[in-house]
Amino acid sequence: MMKEETCSSMLENIYQAEERLKNVVVKTPLAINAHLSTIYHANISFKREDLQRVRSYKIRGAYHKMATMSREELNRGVVCASAGNHAQGVAFACHTMKVKGTIFMPLPTPGQKLEQVRMFGGDYTEVVLYGDTFDEAKDAAMRFCSDNNGIFIHPFDDPAIIQGQATVGLEILEQAKEPVDYLFVPIGGGGLAAGICSVFQELSPDTKIIGVEPSAAASMTKAMEKGKPVLLEKISRFVDGAAVQQVGRLTFELCQHVLYDMATVEEGLVCETILSLYNKDAIVVEPAGALSVAALEKYSEEIQGKNVVCIISGSNNDITRMEEIKEKALLYAGLKHYFLVRFPQRPGALKTFVMDVLGPADDITFFEYTQKNSKEKGIAVVGIALKQKEDFSPLIQKMKQYDFFVNYLNNDPSLMNLLI
């Protein structure tokens, strides 16, 4: 009985959150994606939270949390930590409610997100860059709160935040013309997933909810394995919107027994998905926004003939990252390769490499070589793009046959990052 009362109370709070947010958030479309529906033989729809005012769902939780606070609390000033999207939601709420806010963000935060935060917050917010990760920025924000009697607006592990994010789930069920069989939800700290689980557990319990994380920051996956939130020692920051070292205690409790499965996605596949969404559907997403779609191929057989929803969580992508995204996508697809190549220091050596080693469709994309007078042979760093991954083995064979091959750098990311 206690569990039923708790769930009922939670759902009532979510309906109240929806009422508070009705004039603030955009009721984003739930739109069928014909291209992916054909590929996977399923009815695949996108919940387009990238079309929110701040271009992510985070406005729902941030604004709702502040809307539940007293004017006395708000006057103390609000403080948050964020890799970008939560910060924009808080900044928007600060400007709308005329509340002073201090926003801590990691030093590597993409410039586009910094500019958006400053734009939405205007004179009401101050941005402080601190640390290399979200968790380091959060620790600094908590210290600032303690020293300045501020109110911390947690990005995910707060009931009011979760209730705000949960309104995404209410909209999906309202907009869906058929029962939702599978729902793919991106996970960073778990606020969105916890809200979705709270709604669907009550209103659509047969829906299989799949949480999706970057493989290099799989904090919810680790929590599920250990039965409690676990602090990951090291994570990759590339999928910045989901790069969290430890999921929340509350978010884990709400997700633990409701999520059908957890999926992790390699960064290269995330990048492939970003480019595919842009090229085929003219949809611009950030790395975290591509997670739910990137996970589809792992469930390709299971979802056939089913009604599937992917939450597109955000589109705050810095255009300066596109070259890195393209590079990662090509590396993941086996179409871009880097080598250390041994060149005889004589005229015609490069011509031999190009004419006799490279295939007709192979392309040199990177070349760095310095001739040294005291050496008979010199080492060059060479990047080669292939038209199809099957061309890789013949390329290696010819490089060895003509004694050009020294080392394959794709298998040694640390060395590749040092040299390129």
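Colleague: I'm lost on empty space enclosed by the protein in this one. Help?
Modeller: Using a probe with the size of a water molecule, rolled over the atoms, empty space left in the structure can be pinpointed. Across all of its chains, the model carries 1 cavity of 30 Å³ or more by this definition. Computed from the structure, the largest cavity encloses a volume of approximately 270 Å³. Considering the residues around the largest cavity, the lining is formed by 25 residues, among which Tyr57, Lys58, Gly188, Gly241 and Ala242 are closest to the centre. Every element with two or more residues in the lining of the largest cavity is listed here: helix H5 (85-97) and helix H9 (191-203). Here the lining of the largest cavity is composed, by residue class, of 12 nonpolar, 10 polar and 3 charged.

Colleague: Would you mind going over the confidence of the model for the chain with me for this structure?
Modeller: Fine structural detail should not be taken from predicted coordinates in areas where pLDDT scores are low. Of the residues in the chain, 97% have a pLDDT of 70 or more, and the chain-wide mean is 93. Note that residues 1-5 has pLDDT below 50 and, in this model, 1 contact with residues that lie over four places away or in other chains.

Colleague: Teacher, can you tell me more about the packing of helix H3 (residues 58-67) against helix H8 (residues 159-175) here?
Modeller: For any two helices packed against each other, one specifies the crossing angle of their axes together with the interaxial distance. Running from N to C, H3 and H8 cross one another at 135°; their axes reach a closest spacing of 7 Å. Put simply, H3 runs oblique to H8. Note that H3 runs across H8; the crossing there is right-handed. Facing Lys58, Arg60, Gly61, Ala62, His64 and Lys65 of H3, the residues of H8 in contact are Ala160, Ile161, Gln163, Gly164, Gln165, Thr167, Val168 and Glu171. For the contact of H3 with H8, the class distribution of residues is 4 nonpolar, 6 polar and 4 charged.

Colleague: Whenever I open this one, the pattern of salt bridges confuses me. Can you help?
Modeller: Opposite charge on two side chains makes pairing possible when the charged atoms of those side chains draw close. Throughout the structure, instances matching the rule amount to 15 salt bridges. Between Arg60 and Glu171 there is a salt bridge whose closest N-O contact spans 3.1 Å. Separated by 111 residues along the polypeptide, Arg60 in helix H3 and Glu171 in helix H8 bring together distant segments of the chain. Among the residues examined, Glu171 registers a relative accessible area of 4% and is labelled buried. Across the pair Arg342 and Asp403 runs a salt bridge whose closest N-O atoms are separated by 3.3 Å. Note that Arg342 is positioned in strand S11 (residues 336-344) and Asp403 in the loop between helix H16 (392-401) and strand S14 (405-408), a separation of 61 residues in sequence. Several salt bridges share partner residues, and in doing so they unite Lys47, Glu49, Arg60 and Glu171 into one network.

Colleague: Teacher, can you tell me more about the environment of Gly211 here?
Modeller: Turning to its location among the elements, Gly211 is positioned in strand S8 (residues 208-214). A relative accessible area of 0% places Gly211 in the buried class. Measuring from C-alpha to C-alpha, the distance between Gly211 and Phe144 comes to 33 Å, with 67 residues separating the pair along the chain. Excluding residues within four positions of it along the chain, Gly211 makes contact with Val185, Ile187, Leu259, Asp261, Met262 and Ala263.

Colleague: Where do I start with the sheet that holds strand S1 (residues 30-32) in this structure?
Modeller: Each strand in a sheet pairs with another by means of backbone hydrogen bonds, the pair being arranged parallel or else antiparallel. Pairing in this open sheet of 6 strands is mixed, and the strands run S1-S2-S10-S7-S8-S9 from one edge to the other. Whereas interior strands pair on both sides, the edge strands pair on one side only; in this sheet they are S1 and strand S9 (261-265). Between one strand and the next, the sheet's axes are offset by a mean angle of 25°, whatever the strand orientation. Both S8 and S9 contribute to a ladder of 5 bridges, which runs parallel. Within S9, the residue paired with Glu213 across the bridge is Thr264. Relative to strand S2 (residues 43-48), H8 is tilted by about 135°, and along the sheet it contacts S1, S2, strand S7 (182-186) and strand S10 (307-312). Running over the sheet, H9 touches S7, S8 and S10 and is turned about 155° from S7.

Colleague: How should the sheet that holds strand S3 (residues 78-81) be read in this particular structure?
Modeller: Ordered in space as S5-S4-S3-S6, the 4 strands form an open sheet in which the pairing is parallel. Strands with a single pairing partner mark the edges of an open sheet, and in this sheet they are strand S5 (125-129) and strand S6 (151-152). Pairing between S3 and strand S4 (residues 101-105): 4 bridges, direction parallel. Each bridged residue has a counterpart across the sheet, and for Ala81 the counterpart in S4 is Phe104. Together, S4 and S5 form the strand contacts of helix H6 (residues 111-121), whose direction differs from that of S5 by roughly 160°.

Colleague: When you look at the layout of surface pockets in this model, what are you seeing that I'm missing?
Modeller: Put simply, the largest pocket is a space of about 710 Å³. Lining the largest pocket are 20 residues, with Lys328, Leu331, Pro413, Met416 and Asn417 positioned closest to its centre. Elements with a contribution of two residues or more to the lining of the largest pocket: helix H12 (267-281), helix H14 (322-333) and helix H17 (413-419). Ranked by the residues each element gives to the lining of the largest pocket, the list is headed by H14, at 5 residues. A class-by-class count of the residues in the lining of the largest pocket yields 8 nonpolar, 6 polar and 6 charged.

Colleague: Any chance you could explain helix H11 (residues 249-256) here in plain terms?
Modeller: Side chains three or four residues apart in an α-helix point the same way, a direct result of the helix having 3.6 residues per turn. Every buried residue belonging to H11 is among Leu250, Thr251, Phe252 and Cys255, and all of these are buried. Elements in contact with the buried residues of H11: H8, H9 and helix H10 (219-226).

Analysis parameters
Residues numbered from 1 in each chain as written. Predicted model: local features only at pLDDT ≥ 70, side-chain atom pairs only at ≥ 80, totals over all residues. Heavy atoms only, no water. 1 Å grid on protein atoms, 1.4 Å probe; cavity = no way out; pocket = protein on both sides within 12 Å on 5 of 7 lines; lining within 4 Å. Points joined across faces, edges and corners; volume = space filled by probe spheres on them. Helix = DSSP H or I, 4+ residues; strand = E, 2+ residues; numbered from the N terminus. Nonpolar A, V, L, I, M, F, W, Y, C, P; charged D, E, K, R; others polar. pLDDT = per-residue confidence, 0-100. Contact = heavy atoms within 4.5 Å. Axes fitted to C-alpha atoms, helices over the stretch in contact; angles between N-to-C directions. Parallel < 35°, antiparallel > 145°, perpendicular 65-115°, else oblique. Left-handed = near helix turned anticlockwise from the far one by under 90°. Salt bridge = Lys/Arg side-chain N within 4 Å of Asp/Glu carboxyl O. Buried < 20%, exposed > 50% of the residue type's maximum accessible area, 1.4 Å probe, protein only. Pairing = 2+ DSSP bridges.

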